[in-house]
Structure formats: C-alpha cells, structure tokens
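What follows is each chain in one-letter form.
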Amino acid sequence: MAIGRLSVVVGVKGKGGPHAQYIAREGKYAKHNDGLEKLEGTGHGNMPKWAQADPNFFWKMSDDKERKNGTSYREHIITLPRELTADQRHELIKEWIHQEIGEKHAYQYAIHNPLAMDGLEQPHAHIMFSERLIDGIERDPDQYFKRFNAKKPESGGAKKANTPKFESERKLELKDQRDRWEKLCNSHLELAGSDARISMKSLKEQGIDREPINLSMQQIKRADVKEIYTNLLTARNDFEQAKLDSLAINIIDELGKIDKESHERASTAIDRANRAIGSSERAIAEYGELSEYGHQSIRASVETDKSHQRIIGYRSQRIDESYPRYRLHRKRVEETAQTIDRAKRRISDTKQFITSSKRRIIDIKQFITSSEQRIRDRKQLLTNTIEEYDRLIQGPDVQTQAREQQRQQELTTIQAEEKEAERQRIEKRKPSGMIRTLGLRIQIGETDKYGNITLLHRDVISHVSGEVHTLIKNAIKGNHQIIITNTSKQGKQLNPEYAQNSTARAFEKFMLDENVLSDARILIDFGLRKASEALGIREFAEKYDIKCDFHDLEKLDSLNPVVNTEPKIEKPVQQSSEPKPQNDSPYDNSMNYS
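What comes next concerns the included structure.

Re the overall build of the protein chain
Then, number 1: Helices and strands together make up the secondary structure of the protein chain, namely 16 helices and eight strands.
Then, number 2: Taking the intrachain contacts of the protein chain between residues at least 6 apart in sequence as the baseline, contacts between residues at least 24 apart amount to 69%.
Then, number 3: Of the roughly 39100 Å² of accessible surface on the protein chain, a fraction of 52% belongs to carbon and sulfur atoms.

As structure tokens, this is what we get:
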C-alpha cells in the first residue's frame with residue numbers, strides 16, 4: 001500500500017516570505033537542492049498584478065501589512081506516492097490545487113523528493129496559499145491586506161476566509177478533505193496502471209491493532225535506529241525473494257514431472273514398436289507361402305513399423321538432449337533452496353540475538369537496580385552508625401540540639417508545602433477574578449483620512465465584559481472606527497490601583513485591544529462567559545504570551561480577594577454634564593458607563 005498523509009498548518013505574520021523561499025529552494029535554502037534531494041516542480045497562481053512576476057514580493061507584503069498577531073498563509077503538506085512518475089505527481093498536485101483552491105486564493109507550491117531511509121524516493125508537496133479571497137477588485141499592496149469593508153469593498157482590503165470555528169468543526173473539515181485526497185490520489189494511481197492505493201483512515205479504522213509510530217528527526221538520524229530499520233528492510237526483502245524462489249521451485253518441479261512423463265511415454269512407445277516388429281517377422285516366417293502381394297504388404301508393414309521406430313528414436317534423442325537442461329534447472333533450484341535456508345537461518349539467528357540481547361539488558365538493569373539498592377542500604381547503615389556514635393560521644397545536649405534541628409526542618413518543609421499550595425491556588429484563579437475592575441473607555445465613530453474623529457456615535461466607560469464584546473462586534477460589523485483607551489474624558493487613569501503592578505499592566509495592554517475584545521474564545525478563557533471553561537491566570541498568560549510575575553499575582557490576590565459571586569457589571573448611567581450628540585448613528589448615544 002502506498003503512503004497517505006495530508007496535514008494543514010498555519011503560518012503567522014513574518015513567516016510567509018522565508019517559508020516561500022524555503023519551499024522554492026531559493027536564497028539561503030538553495031543548498032538543499034543538491035544530489036540528495038530533487039526539486040521536481042514549482043509554480044504559483046492567482047497572484048495580484050503587482051506580484052505576478054515575483055510571488056516572493058506577495059508574501060513579503062503579507063508579512064509587512066497583515067495586522068499584528070495575524071496569519072500570513074495556510075499550507076497543505078502532502079505525501080505523494082512513489083508509484084507515480086515525476087510528471088504524474090505534478091499533474092496530481094495541479095488537479096488538487098484546482099479542486100481545493102481554484103481561483104479563490106493566491107498560492108505557491110513546490111514538490112520535493114529527498115531520499116528516504118530505505119534509499120528510495122520520498123516525494124511530498126508544499127502548497128501555501130493566502131487566506132485573502134479574490135473578488136476581482138484591483139488593490140495595491142497597502143490596501144490589499146487591510147481590514148475588509150463590507151459596505152464598500154473597494155475601499156477596504158480583500159476579505160479573509162478564516163471564520164472562527166470550534167475545534168470539532170475544524171477536525172471534521174480536515175477529515176473530509178483527507179477523504180477527498182484519498183479518492184483523487186487513488187484515481188491517478190488507477191489511471192497510471194498501478195495496483196497500489198492509499199488510505200487516509202487511522203490504524204484503528206483499518207482494523208490494525210498497533211500503536212502508530214512517530215519518530216522525531218533526531219531519532220531518525222541516530223545510527224542504531226537506522227541499523228534496526230535497515231535490518232528490517234533486509235529481512236523483508238529476503239522474505240519476498242524467498243517467496244519468488246519458492247514459486248520458481250514449484251514451476252521447475254512441474255517441468256521435471258512433465259519430462260519424466262515424456263520419458264515414460266517414449267519408453268512405452270519403443271516397447272510397443274519392438275513388439276510389433278517381432279510380430280511381423282514371426283508372421284513372415286509362418287506364412288512364407290503367401291502370394292507376392294502378401295509379401296509386399298508385409299514388407300510395407302515392416303517398413304512402416306521401422307519408420308515409427310525411427311520417429312520414436314528421434315523423440316527419445318530429443319528428450320535425452322533436454323535432460324541436461326533439466327538437471328541444470330534442478331541444480332539452480334537446489335542452490336535457490338540453499339539460499340532460502342541460509343536467509344531463514346540468518347533471520348532466526350538475528351531473532352535469537354535480539355531476544356538474548358533483550359534478556360541481557362533486563363538482567364543488567366536488574367543488577368544495576370539491586371546494586372543501587374545495596375549501595376543505598378549501606379549508606380543508610382553507615383549514616384545511622386555515625387549518628388549513633390555521635391550521640392554516644394556528644395551526650396544529651398547534642399541529642400536535644402539534633403531534635404530541635406529536625407523539628408526546624410519539618411517546620412520548613414510544612415511552610416514550603418503551604419507556600420506551594422498558596423501559589424497553585426493563586427495561579428489557578430480566573431483572570432476575571434484577579435483583575436476584577438479592569439476599566440476601559442471605548443469611542444466609536446467616523447474618522448477622516450488623518451485619523452481625526454469627525455462623528456462620534458458612542459463614548460463609553462466600562463469594564464471588560466460580555467456587553468463590551470457585543471458592542472465591539474456590532475461596531476466592527478458596522479465598519480466604524482474603534483478607539484480603546486484606559487483614560488477617562490478628563491485624562492485620568494481608569495485603573496490607578498494597577499499602576500505599580502507590571503503583570504496587571506501587561507494584562508491591561510493585552511485586553512484593551514479590539515481584536516481581543518471581539519474574540520469570544522479569549523473572553524471565555526478570561527472567565528467572562530462559560531465559567532467552567534475559564535483558564536487559570538498563569539495558564540491564560542502562557543497561552544497568550546503575557547508577562548506574569550508571581551509577586552505581582554500575590555498583590556492582585558490581596559487587592560481582589562476571592563468572593564462567592566461574580567462581580568456585577570455596573571448599569572449604564574446618563575451623564576447630564578455632556579450634551580447628547582445628534583446624528584443618525586445606529587448606536588444609542590444615551591448609554592454611558594461611569
């Protein structure tokens with residue numbers, strides 16, 4: 001069975017340009033395209049006009065212009081069958097691109113073919129494509145990677161096809177995609193006249209009762225792993241050759257049986273001819289008084305029998321001539337059988353050597369374990385003897401001092417355990433409970449080309465909450481400008497209690513971002529929606545790469561102690577000190593959070 005593998009990876013901003021050079025073996029990666037690895041094919045398509053001649057420029061602009069923490073590309077990494085030629089593999093990949101990408105995304109691909117551990121080909125393909133959809137609108141590099149404008153598409157960037165989905169949905173999509181690859185690849189193998197097929201099912205789905213083998217590159221490069229793999233391949237090849245030799249032995253045995261039957265039939269025919277000649281001669285002697293006509297008939301019959309005898313002798317000669325060839329074939333069969341026996345003995349010896357090696361390793365491990373235990377016992381005995389000797393020599397005062405020292409050590413251990421338990425308790429608290437009053441100011445409106453607000457729809461002061469998430473999502477949907485700050489209208493800091501806490505400031509910088517506040521997954525991890533799915537503050541910081549210091553967390557824990565109920569979001573209050581702006585905004589300008 002041919003090998004089937006398809007994986008999908010995501011490239012973050014800043015990785016697109018270097019990765020495009022890597023798969024195309026350009027720049028510093030050109031050294032990979034040597035005698036040990038072939039670059040079988042490469043190409044690109046659906047590029048904008050400004051990148052059609054140089055796809056590397058497209059990925060460089062993607063790295064430069066995409067938003068912070070954005071993605072630059074997605075990639076399919078596909079294993080190709082050895083059973084197809086290079087041209088057939090190239091056609092297979094082009095049809096896959098046509099089927100899965102079509103004219104929707106800009107893409108670039110390359111087919112690599114290095115040597116595998118068994119010395120044969122290892123062809124595989126890299127297909128990287130932009131998530132930006134092609135809609136027929138001409139955009140320059142500065143505009144192409146901007147945010148999409150739903151109301152005026154020609155004024156914004158190209159839309160991204162990266163709608164947030166649950167993990168279960170993405171797994172189901174990947175499974176369907178792998179099924180499509182299996183059908184397409186097997187159809188090309190069938191057209192090529194190959195009996196090989198791939199299967200994208202798991203070992204369990206195929207009914208194979210074993211665990212999958214996943215080796216890292218460091219393990220693959222180890223000499224002992226290579227030797228084991230080579231021995232396995234040698235044994236497998238010997239077994240296949242033995243099967244072929246066994247089949248050849250059966251064929252030659254059949255030929256030998258046919259030769260033997262031919263000899264037996266020839267001998268039978270010769271005996272019959274001799275008996276016929278003898279009968280004819282006796283008939284001539286007994287009936288010598290027959291007429292001349294009878295004599296002629298008898299002589300003709302004798303001549304006919306002699307002719308039959310010559311034919312039989314000729315055939316017997318041919319059989320005798322073919323007998324040395326039969327003996328030669330028989331000798332080759334015997335040599336092949338001896339080769340098979342030697343191969344079987346080598347395999348048996350190898351298995352016995354492996355079994356004995358495993359037993360020796362187990363014995364050595366047991367000996368080492370017992371030796372270590374004996375050493376520990378002797379050390380403990382020596383320690384006890386020295387302590388007993390010191391107690392006898394030094395007297396009661398020293399014993400009291402030793403007991404006090406032991407008590408201090410136990411107390412130190414208890415204090416360390418309590419400190420560790422407190423540390424785990426603090427680090428497992430939800431971020432929304434640790435940073436309970438994270439205030440922010442949100443301004444939603446229209447701006448001119450210089451970034452100045454010309455029309456204000458909403459000016460809200462609130463805390464990080466689910467209502468703020470809804471507000472941000474509606475503003476993005478309406479294609480309005482969003483400004484998020486941590487200062488009030490009078491220029492005062494909204495979170496002064498966190499000013500001297502570097503961890504709180506790092507969380508404030510991360511959370512006061514429209515991309516974060518519009519992401520439901522982040523808010524769930526923060527602890528604002530599904531409490532059961534919230535992360536601890538340490539786990540949240542590690543997941544989203546936020547600076548987190550335990551001493552700062554201790555201060556936040558004392559500042560915001562654990563309460564039985566979740567903090568309530570304050571109700572909006574009308575600020576009478578400022579007039580309500582009059583405009584046709586879809587937002588209710590009467591609501592303000594203080």
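Anyway, onward from the coordinates.
What to know about the sheet that holds strand 2 (residues 37-45)
What holds strands together in a sheet is hydrogen bonding between their backbones, with the strands either parallel or antiparallel.
Then, number 1: Here we have five strands laid out as an open sheet, ordered 1-3-5-4-2, and antiparallel in their pairing. Looking at the sheet topology across the chains shown, the edges are occupied by strand 1 (6-12) and strand 2. Here the average twist between neighbouring strands, direction ignored, is 15°.
Then, number 2: Strand direction decides the pairing type here: strand 3 (residues 71-79) and strand 5 (residues 124-129), joined by six bridges, are antiparallel. The residue of strand 5 that forms the bridge with Ile77 is His126.
Then, number 3: Where helix 1 (residues 16-24) meets the sheet, it contacts strand 1, strand 2, strand 3, strand 4 (107-114) and strand 5, and its direction lies at approximately 45° from that of strand 4.
Then, number 4: Contacting strand 2, strand 3, strand 4 and strand 5, helix 2 (residues 55-65) crosses the sheet at an angle of about 130° to strand 3.

A look at the side chain of Asn113
Then, number 1: Following the sequence through the fold, Asn113 ends up in strand 4.
Then, number 2: One polar contact links Asn113 to Glu121, side chain to side chain, over a distance of 3.2 Å.

Looking at the packing of helix 3 (residues 86-100) against helix 5 (residues 167-191)
Then, number 1: Here helix 3 crosses helix 5 at 145°, and the two axes come no closer than 11 Å. Relative to helix 5, helix 3 is oriented so that their crossing is right-handed. For the pair helix 3 and helix 5, the contacting residues are Gln88, Glu91, Leu92, Ile93, Glu95, Trp96, Gln99 and Glu100 in the first and Gln177, Arg180, Trp181, Leu184, Cys185 and His188 in the second.

What about helix 11 (residues 466-477)?
Residues spaced three or four apart along an α-helix face the same direction, because each turn holds 3.6 residues.
Then, number 1: The terminal C-alpha atoms of helix 11 lie 17 Å apart, and with 12 residues this matches the ideal 16 Å at 1.5 Å per residue to within 8%.
Then, number 2: Of the residues trailing helix 11, Asn479 is marked for its positive phi of about 60°.

A look at the nonpolar core
Then, number 1: By size, the foremost hydrophobic cluster in this structure holds 37 residues, and its most contacted members are Ile442, Val464, Met511 and Phe540.
Then, number 2: Elements supplying a minimum of two residues to this core: strand 6 (439-447), helix 11, strand 8 (481-485), helix 12 (502-511), helix 13 (514-517), helix 14 (520-526), helix 15 (537-543) and helix 16 (550-559).
Then, number 3: Among the elements that line this core, the one with the most residues is helix 12, at five residues.
Then, number 4: With residues near it in sequence (within four places) discarded, Met511 still touches Leu438, Val464, Val516, Leu517, Leu523, Phe526 and Phe540.
Then, number 5: Counting residues in hydrophobic clusters, the runner-up holds 23 residues, among them Ile93, Ile101, Phe129 and Leu184.

What about the pairing of strand 5?
Then, number 1: Taken across its six residues, strand 5 has six buried, putting it largely inside the fold.
Then, number 2: The alternating pattern of strand 5 places His124, His126 and Met128 and Ala125, Ile127 and Phe129 on opposite faces, both of which are buried.
Then, number 3: Here strand 4 runs beside strand 5; their pairing, made up of six bridges, is antiparallel. Counted as the bridge partner of Tyr109 is Ile127 from strand 5.

Observations regarding helix 2
Then, number 1: Among the residues making up helix 2, those that are buried are Pro55, Asn56, Phe58, Trp59, Met61, Ser62 and Asp63.
Then, number 2: For helix 2, the secondary structure elements touched by its buried residues are helix 1, strand 2, strand 3, strand 4, strand 5 and helix 4 (141-144).

Concerning the packing of aromatic side chains
Then, number 1: Here the structure, examined in full by the defined rule, presents 16 aromatic pairs.
Then, number 2: Relative to Phe145, the ring of Trp50 has its centre 6.4 Å away and its plane inclined at 70°; by these criteria the two rings are edge-to-face. Of this pair, Trp50 sits in the loop between strand 2 and helix 2 while Phe145 sits in the loop between helix 4 and helix 5, placing them 95 residues apart in sequence.
Then, number 3: Since its relative accessible area comes to 22%, Trp50 is described here as partly exposed.
Then, number 4: Under the relative-accessibility criterion, Phe145 is labelled buried at 3%.
Then, number 5: Ring centres of Phe58 and Phe145 lie 5.6 Å apart, and the angle between their planes is 55°; this geometry places the pair in the tilted category.

A short note on the side chain of Arg429
Then, number 1: Tracing the sequence through the fold places Arg429 in the loop between helix 9 (396-427) and helix 10 (431-434).
Then, number 2: Among the polar contacts listed, one links the side chain of Arg429 to the side chain of Asp557, at a separation of 2.7 Å.
Then, number 3: With sequence-adjacent residues up to four places away left out, Arg429 is seen in contact with Met434, Arg436, Leu535, Gly536, Ile537, Asp557, Asn560, Pro561 and Val562.

A few points about the environment of Pro48
Then, number 1: Within the secondary structure, Pro48 is located in the loop between strand 2 and helix 2.
Then, number 2: On the basis of relative accessible area, Pro48 is assigned to the buried category, the value being 11%.
Then, number 3: Counting along the chain gives 10 residues from Pro48 to Phe58, while the straight-line C-alpha distance between them is 8.1 Å.
Then, number 4: If near-sequence neighbours (up to four positions away) are discounted, Pro48 is found in contact with Phe58 and Tyr144.

Basis of the calculations
Within each chain, residues carry numbers counting from 1 in the order of the written sequence. Only residues with pLDDT of at least 70 are given local features in this predicted model, and only at 80 or more are side-chain atom pairs given and counted; all residues enter the totals for whole chains, interfaces and linings. Side-chain calculation: all heavy atoms of the structure are included, whereas hydrogens and water are not. A run of H or I in DSSP becomes a helix once it reaches four residues, and a run of E becomes a strand once it reaches two; helices and strands are each numbered from the N terminus. Residues count as neighbours in contact if any of their non-hydrogen atoms are within 4.5 Å of one another. A 1.4 Å probe and the Shrake-Rupley method give the accessible areas. Residues count as covered only by the protein chains that appear here. Think of it this way: DSSP has to see at least two bridges between two strands before they count as a pair. Lines fitted to the C-alpha atoms define the axes, with helices restricted to the stretch that makes contact. Angles between their N-to-C directions range from 0 to 180 degrees. Polar contact is defined as a pair of N or O atoms within 3.5 Å, subject to the rule that within protein one atom must be able to donate a hydrogen and the other to accept it, and that residues adjacent in sequence are counted only when both atoms are side-chain atoms. Take the far helix as your reference; a near helix turned counterclockwise from it by less than a right angle gives a left-handed crossing, and one turned clockwise gives a right-handed crossing. Multiplying one less than the number of residues by 1.5 Å gives the expected span of a helix. For this analysis, a nonpolar core means a set of buried residues of the types Ala, Val, Leu, Ile, Met, Phe, Trp, Tyr and Cys, connected via side-chain atoms within 4.5 Å. Here's how the labels work: a residue is buried when its accessible area is under 20% of the maximum for its type, exposed when over 50%, partly exposed in between, all with a 1.4 Å probe on protein chains only. Between the rings of Phe, Tyr and Trp (Trp by its six-membered ring), a pair exists once the centres lie within 6.5 Å; its type follows the angle of the planes, with under 30 degrees stacked, over 60 edge-to-face, and the other angles tilted.

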